[in-house]
Number of protein chains: 2
Amino acid sequence: MHIAGEMVIGRSLVTGREGSLKAIDPSRKTEIEPAFGLAGKAELERACALAQAAFDPYRATDLARRAAFLEAIAGRIMDLGPALIERAMLETGLPQARLEGERGRTCNQLRLFAKVVRDGRWQGATLDAALPQRSPPRADLRMRRIGLGPVAVFGASNFPLAFSVAGGDTASALAAGCPVIIKAHSAHLGTSELVAKAVARAAAECDMPEGVFSMLIGAGQTIGQDLVTHPVIKAVGFTGSRQGGLALVRSAAARAEPIPVYAEMSSINPVFLLEGALANPALAQGFADSLTMGAGQFCTNPGLLLAIDGPALQGFVDAATAALGAKSAATMLTPGIHGAYLAGVQALAADGDVRLLAQGADAGAPCAAQAFLYGTDAQSFLANPVLHAEIFGPSSLLVRCRDAAEMLAVAEHLEGQLTATVHATGADRAQAAALLPVLERKAGRILFNGFPTGVEVSHAMVHGGPFPSTSDSRSSSVGAAAIERFLRPVCYQDVPADLLPEALSDANPQGLARIVDGELVPG
Amino acid sequence: MHIAGEMVIGRSLVTGREGSLKAIDPSRKTEIEPAFGLAGKAELERACALAQAAFDPYRATDLARRAAFLEAIAGRIMDLGPALIERAMLETGLPQARLEGERGRTCNQLRLFAKVVRDGRWQGATLDAALPQRSPPRADLRMRRIGLGPVAVFGASNFPLAFSVAGGDTASALAAGCPVIIKAHSAHLGTSELVAKAVARAAAECDMPEGVFSMLIGAGQTIGQDLVTHPVIKAVGFTGSRQGGLALVRSAAARAEPIPVYAEMSSINPVFLLEGALANPALAQGFADSLTMGAGQFCTNPGLLLAIDGPALQGFVDAATAALGAKSAATMLTPGIHGAYLAGVQALAADGDVRLLAQGADAGAPCAAQAFLYGTDAQSFLANPVLHAEIFGPSSLLVRCRDAAEMLAVAEHLEGQLTATVHATGADRAQAAALLPVLERKAGRILFNGFPTGVEVSHAMVHGGPFPSTSDSRSSSVGAAAIERFLRPVCYQDVPADLLPEALSDANPQGLARIVDGELVPG
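Residues numbered from 1 in each chain as written. Chains lettered and ligands numbered in written order. Predicted model: local features only at pLDDT ≥ 70, side-chain atom pairs only at ≥ 80, totals over all residues. Heavy atoms only, no water.

(A) The arrangement of the interface of chain A and chain B in detail. At the interface, 67 residues of chain A touch 67 residues of chain B. Summing both partners gives a buried area of about 5700 Å² for chain A against chain B, and 56% of it is carried by carbon and sulfur. Looking only at chain A, the three residues that lose the most surface to chain B are Glu440, Arg474 and Leu499 of chain A, adding up to 12% of its buried area. On the surface where chain A and chain B come into contact, there are 14 salt bridges. One salt bridge in this structure joins arginine 429 of chain A and aspartate 498 of chain B, with 2.5 Å as the shortest N-O distance. (Contact = heavy atoms within 4.5 Å. Buried area = accessible area lost by both parts, 1.4 Å probe. Salt bridge = Lys/Arg side-chain N within 4 Å of Asp/Glu carboxyl O.)

(B) Summary view of the environment of leucine 13 of chain B. Residues and elements named next belong to chain B. Mapped onto the secondary structure, leucine 13 falls in strand β2 (residues 12-14). Residues leucine 13 and serine 214 lie 201 residues apart in sequence; the distance between their C-alpha atoms is 9.7 Å. Ignoring any residue separated from it by four or fewer positions in sequence, one finds leucine 13 in contact with Glu6, Met7, Val8 and Lys197. (Helix = DSSP H or I, 4+ residues; strand = E, 2+ residues; numbered from the N terminus.)

(C) Layout of the pattern of salt bridges. Residues and elements named next belong to chain A. All told, the structure shown has 64 salt bridges over all chains when counted by the stated rule. Here arginine 242 and glutamate 415 are joined by a salt bridge, their closest N and O atoms 3.0 Å apart. You can see arginine 242 sitting in helix α8 (residues 242-254) and its partner glutamate 415 sitting in the loop between α14 (404-413) and β19 (417-423), a full 173 residues away along the chain. What makes arginine 242 partly exposed here is its relative accessible area of 28%. (Buried < 20%, exposed > 50% of the residue type's maximum accessible area, 1.4 Å probe, protein only.)

(D) Region of interest: the relation of the copies chain A and chain B. At an RMSD of 0.0 Å, chain A and chain B line up after a rotation of 180 degrees and a shift of 0.0 Å along the axis. Overall, the copies show the geometry of a two-fold rotation axis. Interface overlap between copies: 100% of the residues of chain A at the interface are likewise at the interface in chain B, consistent with a symmetric, same-surface contact. (Least-squares fit on C-alpha atoms with pLDDT ≥ 70 in both.)

(E) Main features of the nonpolar core. Ranked by internal contacts, the top residues of the largest apolar core, which has 101 residues, are Phe69, Leu70, Ile73, Ile77, Phe213, Leu216 and Val236 of chain A. One finds Ile73, Ile77, Phe154 and Ala202 of chain B within the second-largest nonpolar core, a separate group that totals 87 residues. (Core = buried A, V, L, I, M, F, W, Y, C linked by side-chain atoms within 4.5 Å.)

(F) Molecular detail of the packing of helix α1 (residues 41-59) of chain A against helix α15 (residues 429-442) of chain B. Running from N to C, α1 of chain A and α15 of chain B cross one another at 110 degrees; their axes reach a closest spacing of 11 Å. By the angle between their directions, the pair α1 of chain A and α15 of chain B is classed as roughly perpendicular. For the pair α1 of chain A and α15 of chain B, contact is made by Phe55, Asp56 and Arg59 of chain A and by Pro437, Glu440 and Arg441 of chain B, respectively. (Axes fitted to C-alpha atoms, helices over the stretch in contact; angles between N-to-C directions. Parallel < 35°, antiparallel > 145°, perpendicular 65-115°, else oblique.)

(G) Region of the structure containing helix α4 (residues 96-119) of chain A. The end-to-end C-alpha distance of α4 of chain A is 34 Å, a good match for the 34 Å that 24 residues give at a rise of 1.5 Å each. Just downstream of α4 of chain A lies glycine 120 of chain A, where phi reads positive at about 80 degrees. (Expected span 1.5 Å × (residues − 1).)

(H) Main features of empty space enclosed by the protein. Residue and element names in this part refer to chain B. Summed over all chains, the structure comprises seven cavities of 30 Å³ or more. Taken as a whole, the second largest cavity encloses approximately 160 Å³ of empty space. Lining the second largest cavity are 20 residues, with Ile268, Gly303, Ala389, Ile391 and Ser395 sitting closest to its centre. Per-element tally for the lining of the second largest cavity: the top contributor is strand β18 (residues 395-401), with three residues. Here the lining of the second largest cavity is built from residues that sort into 11 nonpolar, eight polar and one charged. (1 Å grid on protein atoms, 1.4 Å probe; cavity = no way out; pocket = protein on both sides within 12 Å on 5 of 7 lines; lining within 4 Å. Points joined across faces, edges and corners; volume = space filled by probe spheres on them. Nonpolar A, V, L, I, M, F, W, Y, C, P; charged D, E, K, R; others polar.)

(I) Quick look at the sheet that holds strand β22 (residues 514-516) of chain A. Within the open sheet, the 12 strands sit side by side as β23(A)-β22(A)-β5(A)-β6(A)-β21(A)-β20(B)-β19(B)-β12(B)-β13(B)-β18(B)-β17(B)-β15(B). Their pairing is mixed. If you trace the sheet from one side to the other, it starts and ends with β23 (519-521) of chain A together with β15 (355-359) of chain B, each paired once. This sheet shows a mean twist of 25 degrees between the axes of neighbouring strands, independent of strand direction. Where strand β19 (residues 417-423) of chain B lies against strand β20 (residues 443-448) of chain B, five bridges are found, and the strand directions are parallel. Each residue of the ladder has a partner; that of alanine 420 of chain B, found in β20 of chain B, is isoleucine 446 of chain B. (Pairing = 2+ DSSP bridges.)

(J) Layout of the packing of helix α3 (residues 82-92) of chain A against α4 of chain A. Residue and element names in this part refer to chain A. Two elements in contact, α3 and α4, have axes separated by 10 Å at closest approach and are oriented at 120 degrees. In terms of their interaxial angle, α3 and α4 are classed as oblique. Of the two elements, α3 crosses α4, and the hand of that crossing is right-handed. Contact residues: α3 offers Leu84, Ile85, Ala88, Met89 and Thr92, while α4 offers Gln96, Leu99, Glu100 and Arg103. Its residues assigned to classes, the contact of α3 with α4 shows five nonpolar, two polar and two charged. (Left-handed = near helix turned anticlockwise from the far one by under 90°.)

(K) Layout of the packing of aromatic side chains. Following the criterion strictly, the structure yields 14 aromatic pairs over all chains and no others. Their ring planes at 85 degrees and their centres at 6.2 Å tell us that tyrosine 58 of chain B and phenylalanine 69 of chain B sit as a pair that is edge-to-face. Of this pair, tyrosine 58 of chain B sits in helix α1 (residues 41-59) while phenylalanine 69 of chain B sits in helix α2 (residues 63-79); the two residues are 11 residues apart in sequence, bridging distant segments of the chain. Phenylalanine 69 of chain B matches tyrosine 58 of chain B in its accessibility class, with the two residues each being buried. Grouping aromatic residues by their ring pairs yields a cluster made of Phe159, Phe163 and Phe298 of chain A. It is arginine 105 of chain A that lies over the ring of phenylalanine 159 of chain A; its NZ or CZ is 5.1 Å from the centre. (Phe/Tyr/Trp six-rings, centres within 6.5 Å; stacked < 30°, edge-to-face > 60°. Lys NZ or Arg CZ within 6 Å of the ring centre and 35° of its normal.)

(L) Molecular detail of unusual backbone geometry. For the bond from serine 135 of chain A to proline 136 of chain A, the omega torsion is -5 degrees, close enough to zero to count as cis. Here proline 136 of chain A shows up in the loop between β5 (126-128) and β6 (141-147). Phenylalanine 467 of chain A connects to proline 468 of chain A through a cis peptide bond whose omega is 5 degrees. If you trace the backbone, proline 468 of chain A turns up in the loop between β20 (443-448) and β21 (487-493). With a phi close to 55 degrees, aspartate 207 of chain B is a non-glycine residue in the positive phi region.

(M) Representation of the sheet that holds strand β7 (residues 151-154) of chain B. Residue and element names in this part refer to chain B. The seven strands are arranged β2-β1-β9-β8-β7-β10-β11 in an open sheet whose pairing can be described as mixed. Edge positions in the sheet fall to β2 and β11 (261-264), since each of these pairs with one other strand and no more. For this sheet, the mean inter-axis angle between neighbouring strands, taken without regard to orientation, is 20 degrees. In this sheet, strand β8 (residues 180-183) lies alongside β7 in parallel orientation, the contact comprising four bridges. If you follow valine 153 over to β8, its bridge partner there is isoleucine 182. Running over the sheet, α1 touches β1 (7-9), β2, β8 and β9 (213-216) and is turned about 40 degrees from β1. Across the sheet, helix α7 (residues 220-228) lies against β7, β8, β9 and β10 (235-239), angled at about 165 degrees from β8, the strand it touches most.

(N) Spatial organisation of the side chain of arginine 142 of chain B. As for its placement among the helices and strands, arginine 142 of chain B is situated in strand β6 (residues 141-147). Within the structure, the side chain of arginine 142 of chain B is placed 2.7 Å from the side chain of aspartate 140 of chain B, a separation counted as a polar contact. A distance of 2.9 Å separates the side chain of arginine 142 of chain B from the side chain of aspartate 506 of chain B, its partner in a polar contact. If sequence neighbours within four positions are ignored, arginine 142 of chain B has contacts with Ala460 of chain A together with Thr126, Leu127, Val490, Cys491, Tyr492, Leu500, Leu504, Ser505 and Asp506 of chain B. (Polar contact = N/O pair within 3.5 Å; in protein donor to acceptor, adjacent residues only side chain to side chain.)

(O) Broad picture of the environment of phenylalanine 163 of chain A. Residues and elements named next belong to chain A. Looking at where phenylalanine 163 falls in the secondary structure, it is placed in the loop between β7 (151-154) and α5 (168-175). C-alpha of phenylalanine 163 to C-alpha of glutamine 109: the two residues are 54 residues apart in sequence and 10 Å apart in space. When near neighbours in sequence (up to four residues on either side) are disregarded, phenylalanine 163 contacts Arg105, Gln109, Gly155, Ala156, Gly168, Asp169, Thr239, Ser477 and Val478.

Have a look at this one:
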């Protein structure tokens, strides 16, 4: 399948003229053809003007057509066949099975949001009947939620399909009725072009307004910042580093009209190994598998273990030494990510209060990451904020606590997290119960007797959490709830029946469950 | 009823020692006894420490107890009897009937949120069953929403009861399970003390954790900013000026951990008078009544009229001249608000493109506001951002448009608004239909053939809107939806049954309607 180095701006394929960029094969540290032209102001303005023009007609599409559009995107992605997987493998160093799985997840996300759109519950239809006899009379009041407006999406490095051009942010924004302009991640430009053209084909086939989707290629510091500060853009979805996310948050807050930014940034995902659970012989293997999955390049990677010191913990460390020792090094996504990983683990190794407990096989190939488990004690951890920072990759830190009270104190001092995990048996119940309210305040997802990697795309999933794991703890970027991020409520007071939106009409043609005078009325 | 000049910090009554302040009777411009001591850092730290300690036990209270607490607050406010109304009249210049009505609204808000709490729908309980046979297996996933943490509330000048100490922000935050620290508005200090003590009595009577509620007295630039930047505070509710709101937004964004600010700031609430409706003889009277209600001191005051020029419009202006001419001047809330109103209308009067169309009776008494209707044309309005700014008080600007297209262009250039109103008959349908999508993008509430003042406290109400009418268009500060502002989702993955929160347990003892595997299951 031909990759031309192009952007997609509405129905046009455009080659940028503000310099060019090539993707890099991280397993060889070599450039991959072709060169991609970078967007300038003109391309940005064109994409924004089209998105603005598309907003009203796109949000007016009926639920069935909007859902069909999302499903068509999934179909056109599958049509790309092996060419998409091959290009993504080349650009990311990720293995075929992982990328095929991720493609499946990407299409399932689009289909989940199609179902969500059809269901219509996201509109939050709420009706309060007029009370003309009351003193004072009450007007007829009806509320629904509509899209915020055009959304800027920033593709993630570590999910070239599921959190990139047609990933979760794009799917949920389109589901909410918001046009999307995505800035492609420079690490997988060819993958992005293929997927963007698939989205554009789906949009044309479903007769969507032209500006419903555009993809720009350019540097984050220029075109990315310009996009976030453009008056047409009304919300931002981002997955990446804390530094990158905070830069977007600051830019969005400094606008004449500030806008919401949903930045999913960094998390060390504490795993509490309670005493009863330490006896589980499978625990260390489960940890090693989770730590090294995808070369540790998941936002839910278990970067922190906490346990009470003693013989049971030593048993776990011995088993982890064996399990990690059997793990080979795996290619990381980009030379930049690999360099940052090396710097992170070298700094940890050099810390006087930290010592190496276990490691994976040595890294031979370019950009390959060796796994590490380091150890420290609770007082050193509490005293040193550097030890709380995410090291993106297969490295984890075990914090030895003197007792349950010290473990609780460490939990209370953690920053906001995407996940918090407890390994516990019935014998650990009291300690688990004491941890739970603290973890509710610290994390978006609490899991027991598992590992945090592997984020289900479903209705009850929360992939979000208190700052700095995300910039907005009120939301999830994975699962059906992600649509909520791009909606706002509008109330219609005494609006004539023939001007009311379908979701609020007396006839309820969408068959919605609605809140009527405060009571839930099934559809 | 004795007013001591005290703050309420948890269960203690405290006299601040950082200077003092007296309330002012605006109808006489005289100080009212007693002096109120102002809070320093020690009082702030004490209130924050208590709120933090109260958060976990308070959010763990069962729904019935939390609802009973809200109802007890309403009861203890009613117990204050005429003393509350008398003090509020003295401090605000508002008439008895208005304040009695506002007290009723305040208590109804508390009772509405008690109902919302008991109903439990706000928890958003969502369950995805485990799929152990699937490859890969799906874990058991359950999601509910919990409170964000302690909330700082800033009382509004113009609703000394309904948007102050025990007003909508406080009621919705308490309903969400969040302790509240309110900074009393300096314009109604005695009213605030009375109500704060009523809240404290209700908290003690319902055996709530001590820090669930505190009220501080102090200057916005000092204690207000310190409150918003305190690490314990996790969200802010504010109603007031754009300047004041933006200062809080900036402070909250600059924190090490940024937090959401719900600032309801300013709105000119455009009213579109379409041609068919201009013939309605009651239109001008309705407008004059709405404009002058409460001396024009409502955030939904109709500060902007838009109509197509012609004889029908002249008829409206003539009728408005008569209706406004019969309106006497009314006392404004504070000398500061009155001074700002005078400055605003003087600036308007001095603008070369603006002329006076109609006015109310002259103001004699101190702080009394005369009503004004000014006029300009669409091109002048579009060219002059000053004409888009809110003048808080009974002044409105009529913008004459050449035709429907020009009216639509003006609508498209408006800033975000709390409300947008259309007066239309069947003959105006096409024009109303063309305006509607624009108004959906511009306003939180769209109303037909009425006036925007008078905000119903119900389930379908939206009192919110795009920036700068509020700092966060995704929310409402009035009505049942206001609780959403203070919640965040938490996912529980494979959490043992005996540790699951009630809302998510298999037995569903709260009888909640829940989302189960994506389908709504009534309770």
